[in-house]
Number of protein chains: 4
Amino acid sequence: MTAAEIVDKMLSNDAFSQWLGIELIKIEPGYCELKMISRAEMLNGFGILHGGIAYSLADSALAFAANSNGRHALSIETSISHHIKVKENEDLYAFAEPIVTKDKFSHYQVKIKNTDFELVASFKGVVYNASTIWA
Amino acid sequence: MTAAEIVDKMLSNDAFSQWLGIELIKIEPGYCELKMISRAEMLNGFGILHGGIAYSLADSALAFAANSNGRHALSIETSISHHIKVKENEDLYAFAEPIVTKDKFSHYQVKIKNTDFELVASFKGVVYNASTIWA
Amino acid sequence: MTAAEIVDKMLSNDAFSQWLGIELIKIEPGYCELKMISRAEMLNGFGILHGGIAYSLADSALAFAANSNGRHALSIETSISHHIKVKENEDLYAFAEPIVTKDKFSHYQVKIKNTDFELVASFKGVVYNASTIWA
Amino acid sequence: MTAAEIVDKMLSNDAFSQWLGIELIKIEPGYCELKMISRAEMLNGFGILHGGIAYSLADSALAFAANSNGRHALSIETSISHHIKVKENEDLYAFAEPIVTKDKFSHYQVKIKNTDFELVASFKGVVYNASTIWA
């Protein structure tokens, strides 16, 4: 399967990414760009985007980028810092790319940006590249 | 405001925690227990709970525990590892407690467990304790 | 090889742990306690213990605890927060224990404490349990 | 004080960075390059560089980069992954640069590379920018 086929399959079966309204902008082996729009039901008690939404967007971007290489990839450890508050109805973009790619483990960074290209959140994830392939 | 009053106010205004179905089990200054149930719309492309849901539950638990001390607390850095797959319609519990509490910064751990008391995910968060108080 | 034999072998060949003056207090499969004393040559430009020393102590504790189960364990990702300043000639203790143990991956926490049993630093590490064993 | 003056003062008083043989290659406000050479006494029980050495180099780079802006900076949380084994007598380079810079908090990444420009370790650190300045 190609990178695009793998991610189409992942995204079309992914109920929560669909709830988030995630749209695939670009996919290449190991690289992924996503877009979504913040909605009222995604806000926390301070009226700003719940940290879990930015994490979810980044985590989906990680999963798509890491699996698009053709082997099943499992998330081992992730971290995120939230830098800028997001309000309702803002466009959010995720950019996932490898920091380092090895046979067993790969490390990715995902940057979440707003329409002003400001860094909303920075995410880092380690995945285990299983021996099974997408077929 | 008491710990319970602070968290009632936070949770009642928190649209996304409500979408998650988060229920407050226990709150004491610096300590918080939450419960939620996994739903079909929270699953990813593999038919298991999206990593962002467990993160969101843990992040809400962190916010409630850290703010329940009476000062406004801001998340600086968080990390999570997912240990066990969660299916639809499982009960999930979050237990947030401090690792260390300082004047400016506090570090919390949040454990997510299932009904068998297995560790579903382990979360760590650092918060900044602002000088403003809940009133 | 037993846990004690594995760690004796690791420590006796470990030039940097010896430079640190690391002493093995207790070893059981998956659990490790170490001790060392801060020296003048370990301080940074502020006259307090360099963050790298506490990390090194914790990293050795992780390696000993994780390998003591009998399989070769490789560090995948580690994080540390420094909570209390350490001066020259203080006793430091490391306590390494599993957060969760799985076949392929295990997560450990290491707590560094001083003689007053205050938490000097908190460390978290993920290891990959290789299929090769200590023999 | 200029960035160079701050880091000269920090490094000249930093006993452990001197033990490591750390040499300042380049300093600009918020940016720092360091160099050191791995020695036999820095190796672990597997005959490769102890993880604590790469962490220490990265942690010094973080401290220099973050303080070079003129305000005192305190490390809040750091993480590191080790990607490539380092042997004795290898040149190591650290490159520290901001991911995001805010008034109170800044996030830096530090890359450790060898002479082949391979990524030996990737490090991330959050610092708190105190209100006191270098003078």
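Bear in mind that the values here come from a model prediction, so they are computed numbers and not experimental data. (Residues numbered from 1 in each chain as written. Chains lettered and ligands numbered in written order. Predicted model: local features only at pLDDT ≥ 70, side-chain atom pairs only at ≥ 80, totals over all residues.)

Novice: What am I meant to see in the overall build of chain A here?
Specialist: For chain A, the count of helices and strands is 3 helices and 6 strands. Mapped from its N terminus to its C terminus, chain A presents α and β elements in the order α-α-β-β-α-β-β-β-β. Computed over C-alpha atoms, the radius of gyration of chain A comes to 14 Å, within 12% of the 14 Å expected from 2.2 N^0.38 for 135 residues, which places it in the range of a compact globule. Taking the principal axes of the C-alpha coordinates as reference, chain A spans close to 45 × 25 × 25 Å. Residue burial in chain A is summarised as follows: out of 135 residues, 50% are buried. Of the contacts made within chain A by residues no fewer than 6 positions apart, 66% connect residues no fewer than 24 positions apart. (Helix = DSSP H or I, 4+ residues; strand = E, 2+ residues; numbered from the N terminus. Rg over C-alpha atoms; globule rule 2.2 N^0.38 Å. Buried ≥ 20, exposed ≤ 12 C-beta atoms within 10 Å, placed from the backbone. Contact = placed C-beta atoms within 7 Å.)

Novice: Help me out: how do you make sense of the relation of the copies chain A and chain B in this one?
Specialist: What connects the two chain copies is a rotation about an axis and a shift along it. Superposing chain A onto chain B takes a rotation of 180° plus a shift of 0.0 Å along the axis, which leaves an RMSD of 0.0 Å. In short, the pair behaves as if placed about a two-fold rotation axis. When C-alpha distances to the rotation axis are compared across chain A, the minimum falls at Ser79(A), with a value of 1.9 Å. Both copies contact each other with a shared surface, as 100% of the interface residues of chain A are interface residues in chain B too. (Least-squares fit on C-alpha atoms with pLDDT ≥ 70 in both.)

Novice: Looking at this structure, I do not really get the relation of the copies chain A and chain C. What am I missing?
Specialist: Screw-axis analysis of chain A against chain C gives a translation of 0.0 Å along the axis, an RMSD of 0.0 Å, and a rotation angle of 180°. When the interface residues of chain A are mapped onto chain C, 100% of them are again interface residues, pointing to one common binding face.

Novice: For this particular structure, what's the right way to read the interface of chain A and chain B?
Specialist: Size of an interface: often given as the accessible area lost when the parts come together. Chain A puts 29 residues into the contact, and the matching count from chain B is 29 residues. Broken down by secondary-structure element, the contributors of at least two residues to the side of chain A that touches chain B are helix H1 (3-12), helix H2 (15-20), helix H3 (51-67) and strand E3 (71-82) of chain A. No other element matches the 8 residues that E3(A) contributes to the side of chain A that touches chain B. The class makeup of the residues in the side of chain A that touches chain B is 12 nonpolar, 13 polar and 4 charged. One ladder, built from 3 bridges, connects E3(A) with strand E3 (residues 71-82) of chain B; its direction is antiparallel. The partner of Ser79(A) across the bridge, within E3(B), is Ser79(B). (Nonpolar A, V, L, I, M, F, W, Y, C, P; charged D, E, K, R; others polar. Pairing = 2+ DSSP bridges.)

Novice: I'm lost on the environment of Gly51(A) in this one. Help?
Specialist: Considering the arrangement of structural elements, one finds Gly51(A) in helix H3. Judged by the 26 C-beta atoms lying within 10 Å of it, Gly51(A) falls in the buried class. Discounting chain neighbours no more than four positions away, the residues touching Gly51(A) are His82(A), Asp59(B) and Ser75(B).

Novice: Hey, could you run me through the sheet that holds strand E4 (residues 91-101) of chain A in this one?
Specialist: Strand pairing in a sheet relies on backbone hydrogen bonds. The paired strands run either parallel or antiparallel. Read across the open sheet, the 12 strands follow the order E1(A)-E2(A)-E4(A)-E5(A)-E6(A)-E3(A)-E3(B)-E6(B)-E5(B)-E4(B)-E2(B)-E1(B); overall the sheet is antiparallel. Each edge of the open sheet is held by one strand with a lone partner, namely strand E1 (23-28) of chain A together with strand E1 (23-28) of chain B. Sheet twist, expressed as the average angle between the axes of neighbouring strands with direction ignored, equals 20°. Summarising the sheet, strand E5 (residues 105-113) of chain B and strand E6 (residues 119-133) of chain B pair through 9 bridges and their orientation is antiparallel. By the bridge assignment for E6(B), Ile112(B) is matched with Ala121(B). (Axes fitted to C-alpha atoms, helices over the stretch in contact; angles between N-to-C directions.)

Novice: Looking at this structure, how should I read the sheet that holds strand E1 (residues 23-28) of chain C?
Specialist: The 12 strands are arranged E1(C)-E2(C)-E4(C)-E5(C)-E6(C)-E3(C)-E3(D)-E6(D)-E5(D)-E4(D)-E2(D)-E1(D) in an open sheet whose pairing can be described as antiparallel. Bordering the open sheet on either side are E1 of chain C together with strand E1 (23-28) of chain D, each of which pairs with just one other strand. Sheet twist, expressed as the average angle between the axes of neighbouring strands with direction ignored, equals 20°. As defined by bridge partners, strand E2 (residues 31-37) of chain C adjoins strand E4 (residues 91-101) of chain C across 6 bridges and the pair is classed as antiparallel. Counterpart to Lys35(C) in the pairing with E4(C) is Tyr93(C).

Novice: Help me understand the environment of Val110(C), please; the structure alone is not making it clear to me.
Specialist: All names here are of chain C. Tracing the sequence through the fold places Val-110 in strand E5 (residues 105-113). Counting along the chain gives 36 residues from Val-110 to Leu-74, while the straight-line C-alpha distance between them is 16 Å. Among residues more than four places away in sequence, those in contact with Val-110 are Ala-58, Ala-61, Leu-62, Ala-94, Phe-95, Ala-96, Phe-123 and Gly-125.

Novice: Sorry, what's going on with the interface of chain A and chain C here?
Specialist: The interface is formed by 4 residues belonging to chain A together with 4 residues belonging to chain C. Residue composition of the side of chain A that touches chain C, by class: 3 nonpolar, no polar and 1 charged.

Novice: Looking at this structure, I do not really get the pairing of E1(C). What am I missing?
Specialist: Taken residue by residue, a regular strand's side chains alternate between the two faces of the sheet. Pairing of E1(C) with E2(C), which is carried by 5 bridges, proceeds in the antiparallel orientation. Within the sheet, the bridge partner assigned to Ile27(C) lies in E2(C) and is Cys32(C).

As far as function goes, none of this settles anything; it's purely spatial.
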